[in-house]
Amino acid sequence: MLYVTTRNSKDAYTAHRALCERRGPDGGLYVPFRRPSFTPDEMGSLLQMPFNACVAALINKMFNTRLTSWDIDFAVGRNPVRLHAMSHRITVGECWHNPEGEIAFLVRKIADRIRVKGYPETIGDWPEIGVRIAVLFGIFGQMHRSGAVRNGQRVDVAVVSGDFSAPMAAWYARSWGLPIGNIVCCCNENSFVWELFHHGELRTGAAASFTALPDADTVVPVSLERLLFGCGGYAETHKYVEALRCGGVYRPNDVILSRIRSGMDISVVSGSRTKSAIMNVWRSHGYLMGPYTALSYTGLLDYRSRAGESGPALILAEKGPAKDMKTVAGAMGIPEEEMRQRIDLL
């Protein structure tokens, strides 16, 4: 697969350059030159593969490699992602079953397997999205094989907005044929993306508030540029970059705004509601969530309430509860040491 950037229509780059550089020479973000396509039979075959084999197949598609399921086993273990079925047709995809307790471990270890000798020991942000795309394909395969969803049935996906890597992974996966319904981007009090979707403007010079969820404390998500490029091409990206350079307000026209909103929803969840969700889910389901998962869970419920939806949904949990021990213990009203003991028993 070849890549271009969001700011230059003239030059194409190799997959390994996109792997090792966070931005292109023009300052743009790497995006695929052409969208990969899968026939219905190919998609069916992918979703029937074991998780690690499916991940390897997608990574090979994106980075022109020859990984096998054994390579993924060696890098991140045989069961790096586990599913937890909750009530109301909600499935949690736990991407944190590794020594570091978060999806960043998967990104780094898989990138190490495909890096070419002689390239810098850095990881671009496209692999962060690429691994998430592959993980989503693997999770959907697990859900289909377990009978959680029917073949071809659309599943809504709820993710933390953050730097917009997770929403864009779902956006690309859907455009490549994965049966994803609505993508629910969940924000904390730093709801600047909500303002773009609902008021048609993004204040690029605004200041973020500091919260207990620093990964969500974002004014201008980095990968939002990819969404704007996908919806409006180079002209829209140029308009957006000009607003960024002067700290101004970015305002897409009605046509572009309609494309941005298509199949994507924004939920804003306060810190107090996030903490309440941790305790409430523990009491009602016996399931312990970290605060980022609780943010996505509450945002998904808000979306369902607004839209009247009740179909199957997936929450992508990128961090385990042990990563935010203090916040989880505070939400549960117990000392951190007791919380640590509870997590060790899970």
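The preceding data block contains the structure.
Small disclaimer: the values here were computed from a predicted structure and weren't measured.

Enquirer: Give a description of the packing of helix α6 (residues 125-146) against helix α7 (residues 165-175) that names residues and reports values.
Expert: Following both chains from N to C, one finds α6 and α7 inclined at 55°, their axes separated by 8 Å at the closest point. It follows that α6 is oblique to α7 by the angle criterion. Regarding α6 and α7, the two cross each other, and that crossing is right-handed. For the pair α6 and α7, contact is made by W126, E128, I129, R132, I133, L136 and F137 and by S165, A166, M168, A169, A170, Y172 and A173, respectively.

Enquirer: Mind laying out helix α4 (residues 69-76), listing which residues take part and the relevant values?
Expert: Inspection of α4 places D71, I72, D73, A75 and V76 among the buried residues, and these make up the whole buried set. Of the surrounding secondary structure, the elements contacted by the buried residues of α4 are α3 (51-63) and α5 (103-114). Downstream of α4 by a residue or two, G77 has a phi angle that is positive, lying close to 95°.

Enquirer: An account of the pattern of salt bridges is needed here, citing residue identities and associated values.
Expert: If charged atoms from side chains of opposite charge come close, those side chains can pair. For the structure shown, the criterion picks out 16 salt bridges. The salt bridge involving E195 is made with R203; its shortest N-O contact spans 2.9 Å. We note a salt bridge from E201 to R251, for which the minimum N-O separation is 3.2 Å. Note that E201 is positioned in the loop between α8 (192-199) and β8 (202-203) and R251 in the loop between β9 (249-250) and α10 (254-261), a separation of 50 residues in sequence.

Enquirer: Tell me about the sheet that holds strand β6 (residues 155-160), and please be specific about residues and values.
Expert: The strand order β4-β5-β11-β6-β7-β10 describes an open sheet built from six strands, whose pairing is mixed. Either end of the sheet is taken by a strand with one partner, and the two such strands are β4 (82-85) and β10 (264-268). Between one strand and the next, the sheet's axes are offset by a mean angle of 25°, whatever the strand orientation. In this structure, strand β5 (residues 90-94) lies alongside strand β11 (residues 313-317), joined through five bridges in parallel fashion. Across the sheet, residue V92 finds its bridge partner in β11, namely I315. In the packing of α7 onto the sheet, the strands contacted are β6, β7 (180-187) and β10, and the crossing angle to β7 comes to about 170°.

Reading the values: the criteria
- Residues numbered from 1 in each chain as written.
- Predicted model: local features only at pLDDT ≥ 70, side-chain atom pairs only at ≥ 80, totals over all residues.
- Heavy atoms only, no water.
- Axes fitted to C-alpha atoms, helices over the stretch in contact; angles between N-to-C directions.
- Helix = DSSP H or I, 4+ residues; strand = E, 2+ residues; numbered from the N terminus.
- Parallel < 35°, antiparallel > 145°, perpendicular 65-115°, else oblique.
- Left-handed = near helix turned anticlockwise from the far one by under 90°.
- Contact = heavy atoms within 4.5 Å.
- Buried < 20%, exposed > 50% of the residue type's maximum accessible area, 1.4 Å probe, protein only.
- Salt bridge = Lys/Arg side-chain N within 4 Å of Asp/Glu carboxyl O.
- Pairing = 2+ DSSP bridges.

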